[in-house]
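Structural description and commentary
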Amino acid sequence: MTPAFDAPTVIRTKRDGGVLSDDAIDWVIDGYTHGRVHDAQMSALLMAIFLRGMTGAEISRWTSAMIASGARFDFGDLRRDGKPLRLVDKHSTGGVGDKITIPLVPVVMACGGAVPQAAGRGLGHTGGTLDKLESIAGFTAELSGDRIRGQLQDIGAAIFAAGDLAPADRKIYALRDVTGTTESLPLIASSVMSKKLAEGADALVLDTKVGRGAFLKTLPESYELARTMVALGEAHGVATRALLTDMNVPLGLAIGNAVEVAESIDVLAGGGPEDVVELTLALAREMLDAAGIDGRDPADTLADGSAMDCFRALVAAQGGDLSQPLPEGAHSETVVAPRGGTMGDIDAMAVGLAVWRLGAGRSAPGAQVQFGAGLRMHRRPGDPVAAGDTLFTLYTDTPERFGPALAELDGGWSVGDDAPEIHPLIIDRIES
Ligand code: URA
């Protein structure tokens, strides 16, 4: 039987600025999931989408086709104290130093929410929650549906590789990572929402990043992304809202894999950088509100150690051993201040690319990341600096990476006489 579609025609339609029909989208997503459409063909189609965009109707169908490529969880029968579990999640559109999931999930657990979090690996210059958490000895994100269900019931959270959920996204995500097709509104919206709508949460909060270190750099694009994702969520019956947050400067002081886990543990211990704490608490409040949970103040869970207890329970449930030291790159290099003054702007993209060059991300699908690769910032924009102060420490297991990493960082920071402009972290909030 002749297939109804063929990949070259679908690619040419989009390449030439046409609109893909629902059937063409269903065919190409199903074909790619099952290996009938090849990586080279999907790469070409992704690049055509990147360049030509998609209509709202195409984004919606592409998302539905990715959801239909796999399983869809339903945890609606789970109960705590005789009442249905309040299942709520958040997802970020990708940033530099964005470790927020790691402290956030335990905070929400401690406040009475249940979080079924399908998380991702690094994408382009941004880090991935799974790559970070897997730097904890023994930690596994490959959880079966039954294990996720059991963890939600027993401790109130699971952080897992999407696995059987939206497998089309898993393949496309890995391809986008290495084909220069990450920074595309339709591809980000459908990637985020296919996983999130398949994972069985009742409510969802989207952290939509804006600025140099985000995939979408401008406010108008980011508003459109946030509104597109909120509309997709609501259309699928999930109470969805978004925060727009600044991603011009890295979040926190640690960027990489294990270094971000260490910083998250500082936050859970009641310390940590102010911006990480602020965003964690803002997202926690949104999640609790979206899920209709009216109880504890999330800040109390950081102060009294209950969020840390939840984190320990979550890590232990997923095989992690926090008594083992977190890995740190075998080699380090510092950047020192050439003069005194005030720390100027720090470009999140320059830092993200430097960390990627150090080995924290991938340049080939499925490549192993270095858990110990990363960077610590010793100053935030606006901090006083003396000549010779250490501004950055870089870590890697492969010292030949320092040259390229330092070249990425070069020009991405400054020390001057004047205080730089400091952007507010939380820019806006979008609800349907
Ligand atoms: N997170 C995702 O899951 N997908 C993207 O495309 C970007 C961030």
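Keep in mind that this is a model prediction, so the values were computed, not measured.

A tally of regular secondary structure across the protein chain gives 16 helices and 15 strands. A globule of 432 residues ought to have a C-alpha radius of gyration of about 22 Å, and the protein chain, at 21 Å, matches this closely. Taken along the three principal axes of its C-alpha coordinates, the protein chain extends 70 × 55 × 40 Å. The burial tally for the protein chain puts 56% of its 432 residues in the buried class. Across the protein chain, the fraction of contacts at a sequence separation of at least 24, relative to all contacts at a separation of at least 6, is 79%. In the structure as shown, the protein chain presents an accessible area of about 16,300 Å², 50% of it carried by carbon and sulfur atoms. The average position of the 38 basic charges and that of the 58 acidic charges among the side chains of the protein chain differ by 4 Å.

Considered domain by domain, the protein chain is made up of domain 1 (7–68), domain 2 (79–323) and domain 3 (331–416). Here the C-alpha centroids of domain 1 and domain 2 sit 27 Å apart. Counting each side, the surface lost to burial between domain 1 and domain 2 is near 1,900 Å², with a carbon and sulfur contribution of 78%. The interface formed by domain 1 and domain 2 contains zero salt bridges. Our count for the domain 1 to domain 2 interface comes out at one residue pair in polar contact (both at pLDDT 80 or more). Elements that contribute at least two residues to the side of domain 1 that touches domain 2 include exactly α2 (22–33), α3 (39–52) and α4 (56–68).

In terms of residue burial, strand β7 (residues 239–246) counts as a mostly covered element, since seven of its eight residues are buried. Pairing of strand β6 (residues 203–210) with β7 involves eight bridges; the strand directions are parallel. Residue D207 lies in a different strand from β7, and its bridge partner there is L243. With respect to chirality, the unit in which β6 leads through helix α10 (residues 219–235) into the neighbouring parallel β7 is right-handed. The sheet contact formed by β7 and strand β15 (residues 426–431) spans five bridges and is antiparallel.

The next subject is the nonpolar core. Residues L375, F392, L394, L409 and W413 are the most contacted members of the largest nonpolar core, which totals 73 residues. A total of ten residues in this core trace back to one element, the largest contributor, which is helix α12 (residues 274–290). With near-sequence residues (within four places) excluded, L394 lies in contact with H331, S332, E333, V335, L358, G374, L375, F402, A405, L406 and L409. Within the second largest apolar cluster, 63 residues are counted, among which are F73, V210, A226 and L232.

Taken as a whole and judged by the stated rule, the model has four aromatic pairs. Here the aromatic rings of F5 and W27 are separated by 6.1 Å at their centres, their planes lie at 40°, and the arrangement is tilted. With a gap of 22 residues between them, F5 in the segment before α1 (7–15) and W27 in helix α2 connect regions that are remote in the sequence. Under the relative-accessibility criterion, F5 is labelled partly exposed at 23%.

This part covers the UniProt feature "domain: Pyrimidine nucleoside phosphorylase C-terminal" (unreviewed entry) in the protein chain. As annotated by UniProt and renumbered to match this structure, "domain: Pyrimidine nucleoside phosphorylase C-terminal" (unreviewed entry) occupies residues 342–416. Helix makes up 28% of residues 342–416 and strand 29%, whereas the separation of the span's terminal C-alpha atoms amounts to 5 Å.

Here the focus is the site of the ligand. Near the ligand, the surroundings consist of H91, S92, T93, L123, Y173, R176, I188, S191, V192 and K195. Between an oxygen atom of the ligand and a side-chain N or O atom of H91, the distance comes to 3.0 Å. In this structure, a nitrogen atom belonging to the ligand sits 2.6 Å away from a side-chain N or O atom of S191. For the ligand, whose free accessible area comes to 240 Å², the fraction covered by protein is 96%. Every element with two or more residues in the shell around the ligand is listed here: β3 (88–92), α8 (167–177) and α9 (185–198). Looking at which element gives the most residues to the shell around the ligand, the answer is α9, with four residues. In the shell around the ligand, the residues fall into four nonpolar, four polar and two charged.

Over its 17 residues, α10 runs 24 Å from end to end, which matches the ideal 24 Å to within 8%, given 1.5 Å per residue. Considered for burial, the residues of α10 that qualify are S222, Y223, L225, A226, T228, M229, V230, L232 and G233. Against the buried residues of α10 lie α4, α9, β6, β7 and β15. Taken from the residues just after α10, G237 is the one with a positive phi, measuring 80°.

Parameters at a glance
Residues numbered from 1 in each chain as written. Predicted model: local features only at pLDDT ≥ 70, side-chain atom pairs only at ≥ 80, totals over all residues. Heavy atoms only, no water. Helix = DSSP H or I, 4+ residues; strand = E, 2+ residues; numbered from the N terminus. Rg over C-alpha atoms; globule rule 2.2 N^0.38 Å. Buried < 20%, exposed > 50% of the residue type's maximum accessible area, 1.4 Å probe, protein only. Contact = heavy atoms within 4.5 Å. Areas by Shrake-Rupley, 256 points an atom, 1.4 Å probe, with all protein chains shown as cover. Lys, Arg positive; Asp, Glu negative; His and termini not counted. Charge placed at Lys NZ, Arg CZ, Asp CG, Glu CD. Domains from an automatic or database assignment. Buried area = accessible area lost by both parts, 1.4 Å probe. Salt bridge = Lys/Arg side-chain N within 4 Å of Asp/Glu carboxyl O. Polar contact = N/O pair within 3.5 Å; in protein donor to acceptor, adjacent residues only side chain to side chain. Pairing = 2+ DSSP bridges. Right-handed = clockwise from strand over helix to strand, strands pointing away. Core = buried A, V, L, I, M, F, W, Y, C linked by side-chain atoms within 4.5 Å. Phe/Tyr/Trp six-rings, centres within 6.5 Å; stacked < 30°, edge-to-face > 60°. UniProt positions renumbered as here; feature names shortened; annotations may be inferred. Near = heavy atom within 4 Å. Nonpolar A, V, L, I, M, F, W, Y, C, P; charged D, E, K, R; others polar. Expected span 1.5 Å × (residues − 1).

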